[in-house]
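Summary of structural features
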Amino acid sequence: MSIFERLRAIPARRLDLALTALVLTAQLWPLLSSPGPWSWWGYAVVLAAAVPLVWRRRAPVVVLMVTLGVVALYDLSDRVAAQPIWYGALVAMYSTAAYASRWPRILALLVATAGGLAFTGSSDTAVRGVVTFVAAYAVGRAAAVSRSHAAALEERAVQLERERRIEAERAAERERARIARDMHDILAHAVSLMVVQAEAGPVVVRSDPDRAEAAFDAIAASGRDAMVQLRRLLGVLKEGEGPRAPQPTLADLPDLADQVAGPGLTVNHTVTGTPVPLPGDVDIAAYRVTQEALTNIVKHSGATHADIRFDWQDDELVIRITDDGRGSTHARPHGGNGLIGIRERAAACQGSAAAGPRSDGPGFEVVVRLPLGVTV
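What this report covers is the structure whose coordinates are included nearby. (Residues numbered from 1 in each chain as written. Predicted model: local features only at pLDDT ≥ 70, side-chain atom pairs only at ≥ 80, totals over all residues. Heavy atoms only, no water.)

Let's talk about the overall build of the protein chain
Looking only at helices and strands, one finds 11 helices and five strands in the protein chain. Per-residue burial for the protein chain yields a buried fraction of 38% across its 376 residues. Roughly 21200 Å² of accessible area belongs to the protein chain as shown, and the carbon and sulfur atoms make up 61% of that amount. (Helix = DSSP H or I, 4+ residues; strand = E, 2+ residues; numbered from the N terminus. Buried < 20%, exposed > 50% of the residue type's maximum accessible area, 1.4 Å probe, protein only. Areas by Shrake-Rupley, 256 points an atom, 1.4 Å probe, with all protein chains shown as cover.)

Below you can see the structure in the form of structure tokens.
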């Protein structure tokens, strides 16, 4: 810790008491070091000119006026030692410049300099006194500006720390919301597939054992995939977790289509245009909206056919998921979290999503538009 830091750690009251004692000693020194005998008047004036410095921070202008008034009485006695510099008056002027408001301190400076010029017998002494007062005032103003600047920097640092903490909390909330959406997608998709396959299994277990076995295999595969993805997401919430497997992206869509396809439902996946690399969040969002749309088909549509179409255009990727099921009954734009989640994920990537019954026949349609090259 530097000497300045140590001084700042000392209470202001103690510093003022020590400064008052130092000024008193310096002003008494001419009386104590020179042969006397001196009049008691000199000692009294020196004491009266130093003691008010204890209150220099609380009432700097009053302390300055009292000090100057007392100093002017010093020469009323002939038996006093010469005082080269009145340190108490200089400290009071410094304190006025450092702690008083603007107009009181300017008025105090004018009064002090005018009084010095008017009541000092020697012009040299008067000029020297004015120069020292102005210098003390300048040093006081420099200290006040420095203190104000330091306070502003400290306040700014506190504000930045507060903003950083708020932003960290918001980021954590966004991450929790993302994890909640992903967990919803994973569980809804896996459970829906498992329920559909489990319902279909007993129907074909006698008539078509191979299809029944495939249905049970699909149930197991869906459960295992859900467990893997849930472990991956829950790992985000654990500290000290090692490297985690990446989240599913468009490259995993063929596996997703195979999981959804089963007894009574066929899924086709087509791509038009030229695929381009997507930002990570957009890539994940494209997979998740497709997964959610397929989950809605399995849960609500009763469809026998679903089609996934990826249309890579010049400035956007258009994802169109259609089915031939009960379009009007499973639209539910205001019910459940599925379609809401699709819209939120698209909006987070500066895209859009629309859903409703197909216009070209029975069934339901989800259309998602994601801009290409958007960094989120």
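Quick word on the packing of helix α2 (residues 12–33) against helix α5 (residues 87–99)
Two measures define how a pair of helices packs: the angle their axes make with one another and the distance between the axes. Packing of α2 against α5 leaves a shortest axis separation of 9 Å and a crossing angle of 145 degrees. Residues L19, V23, A26 and Q27 of α2 form the contact with α5, whose participating residues are Y87, G88 and V91. Taken together, the residues that form the contact of α2 with α5 break down as five nonpolar, two polar and no charged. (Axes fitted to C-alpha atoms, helices over the stretch in contact; angles between N-to-C directions. Contact = heavy atoms within 4.5 Å. Nonpolar A, V, L, I, M, F, W, Y, C, P; charged D, E, K, R; others polar.)

Thoughts on the pairing of strand β5 (residues 364–371)
Relative to β5, strand β3 (residues 316–323) is paired through seven bridges, and the arrangement is antiparallel. Pairing of I319 across the sheet is with V368, part of β5. (Pairing = 2+ DSSP bridges.)

Quick notes on the packing of helix α3 (residues 40–50) against helix α4 (residues 60–71)
In the contact formed by α3 and α4, the axes pass within 8 Å of each other and the chain directions differ by 170 degrees. Considered as vectors, α3 and α4 are oriented roughly antiparallel to each other. Seen along the crossing, α3 lies across α4 with a hand that is left-handed. Residue-level inspection shows V45, A48 and A49 of α3 in contact with α4, the latter providing T67, V70 and V71. Per-class residue counts for the contact of α3 with α4 are five nonpolar, one polar and no charged. (Parallel < 35°, antiparallel > 145°, perpendicular 65-115°, else oblique. Left-handed = near helix turned anticlockwise from the far one by under 90°.)

Let's talk about helix α11 (residues 338–348)
Among all positions in α11, only G338, L339, G341, I342, R345 and A346 are buried. Take α11 and look down its axis: the buried residues cluster within an arc of 160 degrees, on one side only. (Arc of directions from axis to C-beta.)

Let's talk about the side chain of S77
The topology assignment puts S77 in the loop between α4 and α5. The class for S77 is buried, based on a relative accessible area of 15%. For S77, the side chain forms a polar contact with the main-chain nitrogen of R79, separated by 3.3 Å. Those residues in contact with S77 that lie beyond four places of it in its chain are S39 and W41. (Polar contact = N/O pair within 3.5 Å; in protein donor to acceptor, adjacent residues only side chain to side chain.)

Points about helix α9 (residues 253–260)
Within α9 the residues assigned to the buried category are L253, L256, A257, Q259 and V260. Each buried residue of α9 sits inside an arc of 160 degrees when the element is viewed along its axis, so together they form one side.

Coordinates in, geometry out; function isn't part of it.
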